[in-house]
Amino acid sequence: MAKRKTGWPFQEGFLNDGAQEIHLFTDYRWNDGSVSRRWHVDPERFDASLAELRPVSLNTSDRSDQ
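My aim in this report is to walk through the structure given alongside it, one point at a time. Values in this document were obtained by computation on a predicted structure and should not be read as measured data.

## Quick notes on the overall build of the protein chain
The secondary structure content of the protein chain amounts to zero helices and four strands. Its helices and strands taken in sequence order, the protein chain reads β-β-β-β from the N to the C terminus. Within the protein chain, the fraction of its 66 residues that count as buried is 17%. In the protein chain, the share of contacts with a sequence separation of at least 24, taken over all contacts with a separation of at least 6, comes to 40%. Surface exposure of the protein chain reaches about 5,500 Å², of which carbon and sulfur atoms provide 47%.

In structure tokens:
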């Protein structure tokens, strides 16, 4: 049986144009060592090098929303 490929988000790219913040992409690291990027916008319209990179945490917050 082949090992199932799984991935976890590790960083996201945002662009603030002064009026709004745009979520450009999410980068994923896979259990085979590869990395891929999922774009949330048309990548031809935005320069990824201008994005503010933010790490993704999969840990739950201690905050209570209730």
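There's plenty left to go through after this.
## Things to note about the nonpolar core
L15, I22, L24, F25, F46 and A51 together form the largest nonpolar core, which totals six residues. Of the residues forming this core, the biggest block, three residues, is contributed by strand β2 (residues 21–30). Filtering out sequence-adjacent residues up to four positions away, A51 remains in contact with G13, F14, L24 and F25.

Reading the values: the criteria
- Residues numbered from 1 in each chain as written.
- Predicted model: local features only at pLDDT ≥ 70, side-chain atom pairs only at ≥ 80, totals over all residues.
- Heavy atoms only, no water.
- Helix = DSSP H or I, 4+ residues; strand = E, 2+ residues; numbered from the N terminus.
- Buried < 20%, exposed > 50% of the residue type's maximum accessible area, 1.4 Å probe, protein only.
- Contact = heavy atoms within 4.5 Å.
- Areas by Shrake-Rupley, 256 points an atom, 1.4 Å probe, with all protein chains shown as cover.
- Core = buried A, V, L, I, M, F, W, Y, C linked by side-chain atoms within 4.5 Å.

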